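Remarks on the overall topology
Letter by letter, the chains look like this.
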Amino acid sequence: MTQDARTVKVSKDLEDLIPTYLANRKKELETLRQALEAADFEQIRQIGHRMRGVGVSYGFDDVTALGKLIEDGANAGDKAALEAHVGAYGQYLSNLRITYE
Amino acid sequence: MSDLAATGLNVAPQTAFRVLVVDDDPDMAALLAAIVEAEGMQAEVMCDGEAAIASVAGAPPDLVLLDVVLPGSSGFEVCRRLKAGPLTALIPVVLVTALEDRESRLQGIEAGADDFLHKPVRREELVARMKMLRRLHETRRELEAQRLAAEVEHKEALHKALSRYVSPRLTDRIIGAAGRAAPFRTEAERADVVVLFADLRGFTRITETIGVHHVVDMLNEYFSVLTEAAYQHEGTIFNMAGDSLLVGFNVPFAQPDAPARAWRTAMDMVSRFAPVSAEWRARFGVATGVGIGLCRGEAIIGNVGSPHFMSYTIIGDTVNTAARLMQMAQADEVLVSATLYESIRPLVPAGRAHAHGAVALRGKSEAVGVYSIKL
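In short, a report on the structure. What you see is a predicted model; the values in this text were computed from it and never measured.

Some details on the overall build of chain A
- Secondary structure assignment for chain A yields 4 helices and 2 strands.
- Taken from the N to the C terminus, the helices and strands of chain A come in the order β-α-α-α-α-β.
- For chain A, with 101 residues in total, the buried portion stands at 45%.
- Of the contacts made within chain A by residues no fewer than 6 positions apart, 70% connect residues no fewer than 24 positions apart.
- Accessible surface for chain A amounts to roughly 5,000 Å². Of this, 46% is attributable to carbon and sulfur atoms.

Listed below in C-alpha cells is the structure:
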C-alpha cells in the first residue's frame, strides 16, 4: 500500500458519519496491534473480515483491500505479513484526506 | 391538485416505507440507515437477531436488511423465523453478507431470503434493490387493498340480498359466520319463544274484486309495512305465506324482553298499516286491517326440508296457538295468550284489554286463556 497522503471522496450525505467511522478505524487499528502482539489470529481475522465490509461501503477502497490481506494473513497465521499489513493500515489512516461531494 | 384529490376522494396519507437494518457493526448499520433515509425511507436499526424479531413483532417493517453474522441468533435463523410467521412471512428480507461461499448462499435461500446483497455494499446496488422491493411491496399492498375492497363489496351485496329474506341481525350472523360454524344449527333445538302471527283481514274480498296486478302490489305494500315493524323490534321472520306473516322473538338470539318486543311489533304493525288501509278503502272500496295472534311458550327451532331446499323454521304448540289466535282476531285486534299477557300487561294502555276467558281453540284439547286488545 502507498504511504503517501491519500484522498478519498465520500458522498456528502455520509459526512456526519465519517468522524465516528474514522474513530472506530483508529480503535480497530489499536486492537489489531494488541491482537498481533498476543498472536490472537482469530481476533485479527474477524477484524480483517469486518474491514472488508465497511471499507468500500463508505468509499474507502483501501480499507477493504487491507482488510482482505489481514484476513488472509490471519488465516495463514503469517505474523510477519500481518505486521506489514497492520503497519500499512496505520500509515494509511495517518495520511488520509477526505473530500465530500 | 392531484387527480385523486380532484375527485374529492378521501385519500389516506402515504406512510413512509420502513426499513429495519439489522447489523452488529455500528459503522455498517449507520451507513445502511443513512442510505435508506437519503432515499426518503424510514430506517430503524437493531444490532442483534432477538432484538430484530421483537421489533418486527411490535411494528412490522416494509423491508429488512439483515446481516448474517450476528451475536446470538444468526441472520439465517432470524430470516427463517420471520418467514415462518404468518404475519411476517411476506416482509421482504435482504441478507447483507460478506460470506461469499455457495453454502452460505444456499443457507440463505433455504431460510427464505428474498434477495442478497454482498458486503462491501455498493450504494447504487442497494438503492436499486430497495426500490425494486418497494415497488413489489406497494403493488402487493395495492392488490391486497383491492381484494379487501372487493370482499367488502361482496359482503355488502350479500347482506343486501339476504336482508330481503331474513332480519338484518340474522343476516349479520350468517355473513359473520361464513367459514366458521353454520349460523343455523343442524340439529333442532327447543327454546322459550314469543310467536307473532299476523294476517290481513279482508284479503279474500280483495282477491275477488280487484285485478291480479293490483293484488300483488297491495300484498307487497302490506308486507313491507309489517316487515319493517318486525325488523324495527328485531324479530326474526320465519315465514311469509299468502297474506300471513310468522315472526319469532327470543330466537335465534336471546331477547330477555321478547314479550315487550312482540307487543310493540304488534302495535306498530297495526298503526303502520292504518294509513295504507285508509288509502285502499279510498281507492278500491275495501275494508282491511291486521289481525294478530301472540303466544309465548316452548317451540322447536331448526332446519326443515331436504338437502336441496331448507327452511329455517319454528314449529310446535306455541306456533299453532298463535296461528289459531290470529285466525280469530278481527281487524286491528291482537289476541294474546294469557301466559304472555301477564308479561305485557304493564305496557297495554288501560281499558284496551278484555279477557275472553278460556277459549277452546281448534286442534287443541285444552282451552287457552285469551285476552283481546283492540288497537
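A few points about the overall build of chain B
- On a plain count of helices and strands, chain B comes out with 12 helices and 13 strands.
- Summarising the internal contacts of chain B: among those between residues at least 6 apart in sequence, 64% fall at separations of at least 24.
- Looking at chain B as shown, the accessible area adds up to about 19,200 Å², and 55% of this sits on carbon and sulfur atoms.

Concerning the sheet that holds strand E2 (residues 42-46) of chain B
Residue and element names in this part refer to chain B.
- Spatial strand order, E2-E1-E3-E4-E5: 5 strands in an open sheet with parallel pairing. Either end of the sheet is taken by a strand with one partner, and the two such strands are E2 and strand E5 (115-118). Along the sheet, successive strands turn relative to each other by an average axial angle of 20 degrees, direction set aside.
- Pairing of strand E4 (residues 93-97) with E5, which is carried by 4 bridges, proceeds in the parallel orientation. Counterpart to Thr97 in the pairing with E5 is His118.

A look at the interface of chain B and chain A
- Counting residues at the interface gives 14 residues for chain B, matched by 17 residues for chain A.
- Both faces considered, chain B and chain A share a buried interface measuring about 1,300 Å² in area, 57% of it formed by carbon and sulfur atoms.
- Considering only the surface of chain B that becomes buried against chain A, Asp27, Leu31 and Pro120 of chain B emerge as the three largest contributors, covering 39% of it.
- Scanning the region where chain B abuts chain A turns up 3 salt bridges.
- Here Arg123 of chain B and Asp13 of chain A are joined by a salt bridge, their closest N and O atoms 2.6 Å apart.

Describing the pattern of salt bridges
- Counted by the stated rule, this structure contains 31 salt bridges over all chains.
- Ionic pairing is found between Arg190 of chain B and Glu298 of chain B, a salt bridge with its closest N-O pair at 3.2 Å. Taken together, the residues Arg190 of chain B in strand E6 (residues 189-201) and Glu298 of chain B in strand E9 (residues 289-305) connect sequence positions 108 residues apart.
- What makes Glu298 of chain B partly exposed here is its relative accessible area of 49%.
- Residues joined in a network through salt bridges with shared partners are Arg25, Glu28 and Arg50 of chain A together with Asp25 and Asp27 of chain B.

Considering the environment of Leu32 of chain A
Residue and element names in this part refer to chain A.
- One can find Leu32 in helix H1 (residues 18-37).
- Residue Leu32 is classed as buried on the basis of its relative accessible area of 0%.
- Along the backbone, Leu32 and Arg45 are 13 residues apart, and their C-alpha atoms lie at a distance of 9.6 Å.

A word on the packing of helix H2 (residues 26-38) of chain B against helix H6 (residues 123-162) of chain B
Residues and elements named next belong to chain B.
- Orientation of H2 relative to H6, taken along the N-to-C sense of each, is 55 degrees, at an axis distance of 11 Å. For the element pair H2 / H6, the angle class is oblique. Here H2 and H6 pass one another in a crossing that is right-handed. Two secondary-structure elements touch here, H2 through Leu32, Ile35, Val36 and Ala38 and H6 through Arg123, Leu126, Val127 and Met130.
- In terms of residue class, the contact of H2 with H6 is made up of 7 nonpolar, no polar and 1 charged.

Side note on the pairing of E9 of chain B
Residues and elements named next belong to chain B.
- Pairing analysis gives 13 bridges linking E6 to E9, with the strands arranged antiparallel. Its bridge partner being in E9, Ala191 is matched across the sheet by Ala299.
- Direction of pairing for E9 relative to strand E11 (residues 333-337): parallel, over a ladder of 4 bridges. What sits directly across from Gly291, in E11, is Glu333.
- Pairing between E9 and strand E10 (residues 310-315): 6 bridges, direction antiparallel. The residue bridging Gly305 from the neighbouring strand is Met310, located in E10.
- Hairpin connection between E9 and E10: a loop of 4 residues separates the two successive antiparallel strands.

With respect to the side chain of Thr318 of chain B
Residues and elements named next belong to chain B.
- Looking at the element boundaries, Thr318 is found in helix H11 (residues 317-328).
- A residue is classified by how much of its surface remains accessible, and Thr318, at 6% relative accessible area, is buried.
- For Thr318, the residues in contact, after removing those within four places along its chain, are Val193, Val195, Cys295, Arg296, Gly297 and Glu298.

Criteria and cut-off values
- Per chain, the residues get numbers from 1 upward, laid out in the order the sequence is written.
- The lettering of chains begins at A and the numbering of ligands begins at 1, in the order of writing.
- Given that the model is predicted, a residue must reach a pLDDT of at least 70 before its local features are reported, and side-chain atom pairs must reach 80 or more before they are shown or counted; all residues, however, enter totals for whole chains, interfaces and linings.
- The basis for every side-chain value is the complete set of heavy atoms in the structure, and neither hydrogens nor water enter the calculation.
- Only runs of H or I of at least four residues qualify as helices and only runs of E of at least two qualify as strands under DSSP, and these elements are numbered from the N terminus.
- Residue exposure (1.4 Å probe, protein chains only): buried if accessible area is under 20% of the type maximum, exposed if over 50%, otherwise partly exposed.
- Contact definition: two residues touch when any of their heavy atoms are within 4.5 Å.
- Note on areas: Shrake-Rupley with a 1.4 Å probe; residue coverage comes only from the protein chains shown.
- Two strands qualify as a pair provided DSSP detects at least 2 bridges between them.
- Simply put, an axis is a line fit to the C-alpha atoms, just over the touching stretch for a helix, and the angle between two N-to-C directions goes from 0 to 180 degrees.
- Here's the idea: put two parts together, see how much 1.4 Å probe accessible area each one loses, and the total over both is what we call buried area.
- For this document, the term salt bridge refers to a Lys or Arg side-chain nitrogen within 4 Å of an Asp or Glu carboxyl oxygen.
- Any angle from 65 to 115 degrees is called roughly perpendicular, while one under 35 is roughly parallel, one over 145 is roughly antiparallel, and all others are oblique.
- With the far helix as reference, a near helix turned anticlockwise by less than a right angle produces a left-handed crossing, and one turned clockwise produces a right-handed crossing.
- Charged means Asp, Glu, Lys or Arg here, nonpolar means Ala, Val, Leu, Ile, Met, Phe, Trp, Tyr, Cys or Pro, and polar covers whatever is left, Gly included.

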